[in-house]
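Summary of the model geometry
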Amino acid sequence: MPRNVTDRVFVAGHRGMVGSAIVRRLQSLGYVDIVTAGREELNLLDQKAVESFFQQKQVAQVYLAAAKVGGIHANNTYPAEFIYENLMIEANIVHSAHVCNVQKLLFLGSSCIYPKHAEQPMKEEALLTGVLEPTNEPYAIAKIAGIKLCESYNRQYGRDYRSVMPTNLYGPNDNFHPENSHVIPALLRRFREAVQRDDEEVVIWGSGTPMREFLHVDDMAAASVHVMELDDVTYQANTQPMLSHINVGTGVDCTIRELAETVARVTGFAGRLVFDATKPDGTPRKLMDVSRLKALGWMSSIGLEDGLRDAYRWFVESQEEARL
């Protein structure tokens, strides 16, 4: 689709890490009519409210970045909320977009859609070939349903609703909560506090040997807009009607030990790293196969250390602002 910066674009979930990055990316490309709505303005769980919003705004494109998200503890504790709210959000937005004749939509999913024991690196074709990770199965099921919603409206109504599945994301506007954040914000916070206390060591859960892939959220936003703007011929030549989602990642992973060593450099921590092997490691490896995305003309450009420095700078600045 040729870029039309005058299109009215709705970014659902604009306050989240990914949604805010998509807004920044669109603005940098010259989009001038970006529509957003906070929870106080629009309850995405309310079907009538969402449809009314679409009828009123008359948008041309939708980025569906809104979701209920959380770590393992939250997913384990509130499985009903995770499956219900995510199903409702995506069903309401996709259906309202269709009813109001929105032809272009991009749905953002998650790498947790793939089976727990998927072959590495994980190809798009691995979807629905095995049992999911139990701790976040309800969330994963909702995200799989989102992909199939898009595909079903495409097949039945000729819509152009696309899906992208990111690997582990980090960056500005991430959740740095001390108890329920993901590994990168958790480590950045822990190392910063260790530097402030002048600690001699930092203890990290697990053996340090599991391998993980990390993508800066600005790269994710760039990939999202790239996929949205692909012309139909190119997109359809690289996807299938019932296997249309596209992995988004770097195609490169590192050990948790290597990640921790990089975080130590970024935060200026000069002490010892201690790995507590009595704590669980999780899956040995999680890496996305990004060959489909490369064939579509996009590759990540933000290296891990540069990306971590950007995320750390944002975290420090946001903490200082909170104290003012």
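Worth saying up front: this structure is predicted, and the values here are computed from it rather than measured.

**Describing the overall build of the protein**
- Of regular secondary structure, the protein possesses 11 helices and 13 strands.
- Relative to a compact globule of 324 residues, whose C-alpha radius of gyration would be 20 Å, the protein shows 20 Å and is just as compact.
- By principal-axis analysis of the C-alpha atoms, the protein measures approximately 60 × 50 × 40 Å.
- Across the 324 residues that make up the protein, the buried fraction comes to 51%.
- Sequence separation of 24 or more characterises 82% of the internal contacts of the protein that already satisfy a separation of 6 or more.
- Of the roughly 15100 Å² that the protein leaves accessible, carbon and sulfur atoms contribute 51%.

**Some thoughts on the side chain of E124**
- Positionally, E124 belongs in the loop between β4 (104-108) and α5 (137-157).
- Of the side chains with opposite charge, R292 lies nearest to the buried E124, which makes no salt bridge, at 4.1 Å.
- Setting aside anything within four residues of it in sequence, one finds E124 in contact with Y114, L243, H245, I246, N247, D289 and R292.

**Things to note about the packing of helix α2 (residues 47-57) against helix α4 (residues 79-99)**
- Running from N to C, α2 and α4 point in directions that differ by 40°, and their axes come no closer than 9 Å. On the basis of the axis angle, α2 is oblique to α4. The handedness of the crossing between α2 and α4 is right-handed. Contact residues: Q47, V50, E51 and F54 in α2; N92, I93, H95, S96, A97 and V99 in α4.
- Residues belonging to the contact of α2 with α4 are distributed by class as follows: five nonpolar, four polar and one charged.

**Some details on the nonpolar core**
- F10, F54, V62, I93, L105, Y114 and Y161 are the most contacted members of the largest nonpolar core, which has 41 residues in total.
- Put simply, the parts of the chain that give this core at least two residues each are β1 (8-12), α2, β3 (61-64), α4, β4, α5 and β5 (160-166).
- Ranked by the residues each element gives to this core, the list is headed by α5, at six residues.
- For Y114, the contacting residues outside a window of four places in its chain are M122, K123, E124, A126, L127, L132, H245, N247 and M288.
- By size, the runner-up hydrophobic cluster in this structure holds 31 residues, among which are V9, V164, L230 and L296.

Scoring rules and cut-offs
Residues numbered from 1 in each chain as written. Predicted model: local features only at pLDDT ≥ 70, side-chain atom pairs only at ≥ 80, totals over all residues. Heavy atoms only, no water. Helix = DSSP H or I, 4+ residues; strand = E, 2+ residues; numbered from the N terminus. Rg over C-alpha atoms; globule rule 2.2 N^0.38 Å. Buried < 20%, exposed > 50% of the residue type's maximum accessible area, 1.4 Å probe, protein only. Contact = heavy atoms within 4.5 Å. Areas by Shrake-Rupley, 256 points an atom, 1.4 Å probe, with all protein chains shown as cover. Lys, Arg positive; Asp, Glu negative; His and termini not counted. Salt bridge = Lys/Arg side-chain N within 4 Å of Asp/Glu carboxyl O. Axes fitted to C-alpha atoms, helices over the stretch in contact; angles between N-to-C directions. Parallel < 35°, antiparallel > 145°, perpendicular 65-115°, else oblique. Left-handed = near helix turned anticlockwise from the far one by under 90°. Nonpolar A, V, L, I, M, F, W, Y, C, P; charged D, E, K, R; others polar. Core = buried A, V, L, I, M, F, W, Y, C linked by side-chain atoms within 4.5 Å.

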